[in-house]
Amino acid sequence: HREASERRRRKEAAARAPADAFGDLGPPPVTEADALDYVARGILNLVEIHGTPAGYASGRGRVRGTFCPLAFEKHSADPSRLPMFRDLVAQSPLCRDSRWKRTLDVRVAALHLESFPESPESASMYPPAGFVFHESRCGSTLAANSLAAAGPHVRVYSESAPPIAVLRECSKWDSCHRDDAVALFRDVVRLMSRPRPGAGDS
């Protein structure tokens with residue numbers, strides 16, 4: 001009852017806020033259920049993961065993810081100013097707002113995508129078009145910026161933290177097998193592949 005009252009109070013406060021307080025995203029999520037729905041709709045984006053990937057494939061590994069709304073419009077408007085994923089996170093103001101920055105179980109969030117009802121207003125799932133593997137000073141940043149400059153219908157992650165963390169963290173655990181890394185990597189990519197409704201993503 002207390003949770004329902006608090007949820008109602010915060011939604012009423014959000015309704016009284018200036019129209020541009022939250023942009024087109026709506027009020028910030030109040031409960032974990034709200035946050036999971038926002039992840040499924042592409043409003044909350046995965047920015048980092050932490051936990052123990054060992055046993056993830058069998059359901060034993062516990063990995064948490066940090067989610068917040070990324071300012072993709074800034075990236076597509078001028079990719080050269082935000083060439084790396086860390087730059088995008090730093091320039092996303094709602095990622096510094098505790099009301100919007102949420103920590104969720106990665107497996108629970110990925111499973112929620114399967115049960116979330118699709119509608120014209122909800123995000124669709126789309127697979128990544130490709131991965132660029134590179135070395136230093138090989139022109140990969142220029143290639144990524146060129147893709148991002150194509151417009152908001154293109155989503156580019158340059159050196160994004162979550163996929164890298166999957167590979168690095170699993171290598172630290174003797175009990176973390178290839179199946180664990182593969183299962184977690186797939187869930188991470190799925191969570192990062194939710195276009196935001198109305199943003200022109202595809």
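Residue numbers here run from 1 along each chain, matching the order of that chain's written sequence. Two thresholds apply to this predicted model, a pLDDT of at least 70 for residue-level local features and 80 or more for giving and counting side-chain atom pairs, whereas whole-chain, interface and lining totals are computed over all residues. Heavy atoms from the whole structure form the basis of all side-chain values; hydrogens and water molecules are not counted.

Structural notes on unusual backbone geometry
Glycine aside, negative phi is the norm for most residues, and most peptide bonds take the trans geometry.
For step 1, the next point in the chain: The backbone of Glu159 sits at a positive phi, close to 55°, despite the residue not being glycine.
For step 2, the next point in the chain: To qualify as a helix, a DSSP run of H or I must reach at least 4 residues; to qualify as a strand, a run of E must reach at least 2; elements of each kind are numbered from the N terminus. Along the chain, Glu159 turns up in the loop between helix H6 (140-148) and helix H7 (161-171).

A look at helix H2 (residues 32-40)
For step 1, the next point in the chain: In this scheme, a residue with accessible area under 20% of its type's maximum is buried, one over 50% is exposed, and one in between is partly exposed, where area comes from a 1.4 Å probe on protein chains only. Taken residue by residue, H2 has Asp34, Ala35, Leu36, Tyr38, Val39 and Ala40 as its buried positions.
For step 2, the next point in the chain: Positive backbone phi, at 80°, marks Gly42, one or two positions downstream of H2.

Overview of the side chain of Arg155
For step 1, the next point in the chain: Locating Arg155 in the fold gives a position in the loop between H6 and H7.
For step 2, the next point in the chain: Polar contact is defined as a pair of N or O atoms within 3.5 Å, subject to the rule that within protein one atom must be able to donate a hydrogen and the other to accept it, and that residues adjacent in sequence are counted only when both atoms are side-chain atoms. Reaching out from Arg155, the side chain makes a polar contact with the side chain of Tyr157 at a distance of 3.1 Å.

Brief notes about the nonpolar core
For step 1, the next point in the chain: Nonpolar cores were defined as sets of buried Ala, Val, Leu, Ile, Met, Phe, Trp, Tyr and Cys residues, with membership established by side-chain atoms within 4.5 Å. Core analysis: the biggest nonpolar cluster contains 26 residues, and Ile49, Phe67, Leu184 and Leu191 have the highest contact counts within it.
For step 2, the next point in the chain: Looking at this core, the elements with two or more residues in it are H2, strand S1 (45-52), strand S2 (62-68), helix H5 (106-115), H7 and helix H8 (178-191).
For step 3, the next point in the chain: Considering every element that reaches this core, the biggest residue donor is H2, with five residues.
For step 4, the next point in the chain: Non-local contacts of Leu184, meaning those with residues more than four positions away in its chain, are made with Ile49, Pro53, Tyr56, Val63, Val106 and Val166.
For step 5, the next point in the chain: Core analysis: the next-biggest nonpolar cluster, separate from the first, contains eight residues, Val47, Leu70, Phe85 and Cys95 among them. Any two residues whose heavy atoms approach within 4.5 Å are treated as being in contact.

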